[in-house]
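Here is what each chain is made of, one letter per residue.
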Amino acid sequence: MINAYVGGAFQGRRFRVITIDNFYSCVDDAVAREYFGQMVRLRAHAYGPKYPIGFLPVDTPDYFVWHHLLCVEDGDAWLPVAGFRQVPLSRCDLSNATIPLLRTAQDANAERHVRNLSETFARHRSQGTEVTYSAGLAIAYEHRGNKELSEFVREFVAAFHVLDQREHSIRETVCASILRFKTNTWFTQLGYQPLSDEQGELPAIKKVSAGGEPMLFMSLKELSPWCFECFEKLESLVNGRLLIRTQPVQEEKMAA
């Protein structure tokens, strides 16, 4: 836990991170059910006003990935105000699910993007290494104007990228930055770079299911020094995390 250094409505309040690791495996846990529902509510309120009716900011992998929720103290409870998820390729393969970023490229008929991602995933499968898709970044809609909170969320995301790499032996992470919100600017601060191939940097494509939202695919192979600075700065937040999971998930050994 960490005492808030975010002003406004959060003055003097404490923050804590709650991680739900594979909700489906711990569905009998009442706390897991409570915060999985809170995660869905957070996403619905954060994405709903910005996207067309019919767009769903949740999908099948949400049931078996891990979610990090940044929560603020609210009486005797912890209220999520931001969060993101990591979608590991190994768990998608185990559940016979297409990793969502690849589905986005397929829906857009973006051949270069499909080929790039397919080759990346095939390489990690053959090497027995993990690659994740980082997504679902959301800040509670009613707090989007709080610049101090936004900066705190950036540091939280950076710190937990470090934790994720260490806990899950992640070798590479891919993501899609939303150009409308200029997230590519601070994703670069974490160490992400646009995907590229022999023809150069891959252009932005449109996400069909989100009303044609332009997005840029990016990849992270080496965390920036700033991420480790955030990890050290938020050490008490990392150490005070509530991790909700059953026994360590038996990951399927990736086929060669």
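Before going into details, it helps to say that this report is about the structure given with it. (Residues numbered from 1 in each chain as written. Predicted model: local features only at pLDDT ≥ 70, side-chain atom pairs only at ≥ 80, totals over all residues. Heavy atoms only, no water.)

Here we come to the environment of Q86. Residue placement: Q86 occurs in strand 4 (residues 77–88). Measuring from C-alpha to C-alpha, the distance between Q86 and F64 comes to 10.0 Å, with 22 residues separating the pair along the chain. If we ignore the near neighbours within four places in the chain, the residues touching Q86 are V65, W66, T132, Y133, S134, H161, D164 and T173. Reaching out from Q86, the side chain makes a polar contact with the side chain of T132 at a distance of 3.2 Å. (Helix = DSSP H or I, 4+ residues; strand = E, 2+ residues; numbered from the N terminus. Contact = heavy atoms within 4.5 Å. Polar contact = N/O pair within 3.5 Å; in protein donor to acceptor, adjacent residues only side chain to side chain.)

Turning our eyes to something else, we now look at a nonpolar patch on the surface. Residues V40, L56 and V58 make up a contiguous nonpolar surface patch of about 240 Å² in total accessible area. For L56, the position within the fold is in the loop between helix 1 (30–47) and strand 3 (66–74). Given the relative accessible area of 64%, L56 is considered exposed. (Patch = residues over 30% accessible without salt bridge, like charges linked within 9 Å, V, L, I, M, F, W, Y side chains within 5 Å. Areas by Shrake-Rupley, 256 points an atom, 1.4 Å probe, with all protein chains shown as cover. Salt bridge = Lys/Arg side-chain N within 4 Å of Asp/Glu carboxyl O. Buried < 20%, exposed > 50% of the residue type's maximum accessible area, 1.4 Å probe, protein only.)

Counted by the stated rule, this structure contains 11 aromatic pairs. Clustering of aromatic rings is evident, with ring pairs tying together F23, F36 and Y63. In this structure, R166 packs its charged tip against the face of F231, placed 4.7 Å from the ring centre. (Phe/Tyr/Trp six-rings, centres within 6.5 Å; stacked < 30°, edge-to-face > 60°. Lys NZ or Arg CZ within 6 Å of the ring centre and 35° of its normal.)

To continue, consider the packing of helix 5 (residues 147–168) against helix 7 (residues 225–233). With their axes 8 Å apart at the nearest point, helix 5 and helix 7 run at an angle of 100° to one another. Relative to helix 7, helix 5 is oriented roughly perpendicular. Residues E151, R154, E155, A158, A159, V162, L163 and R166 of helix 5 touch helix 7, and the partners they reach there are W226, C227, F228, C230, F231 and K233. Class assignment of the residues belonging to the contact of helix 5 with helix 7 gives a composition of nine nonpolar, no polar and five charged. (Axes fitted to C-alpha atoms, helices over the stretch in contact; angles between N-to-C directions. Parallel < 35°, antiparallel > 145°, perpendicular 65-115°, else oblique. Nonpolar A, V, L, I, M, F, W, Y, C, P; charged D, E, K, R; others polar.)

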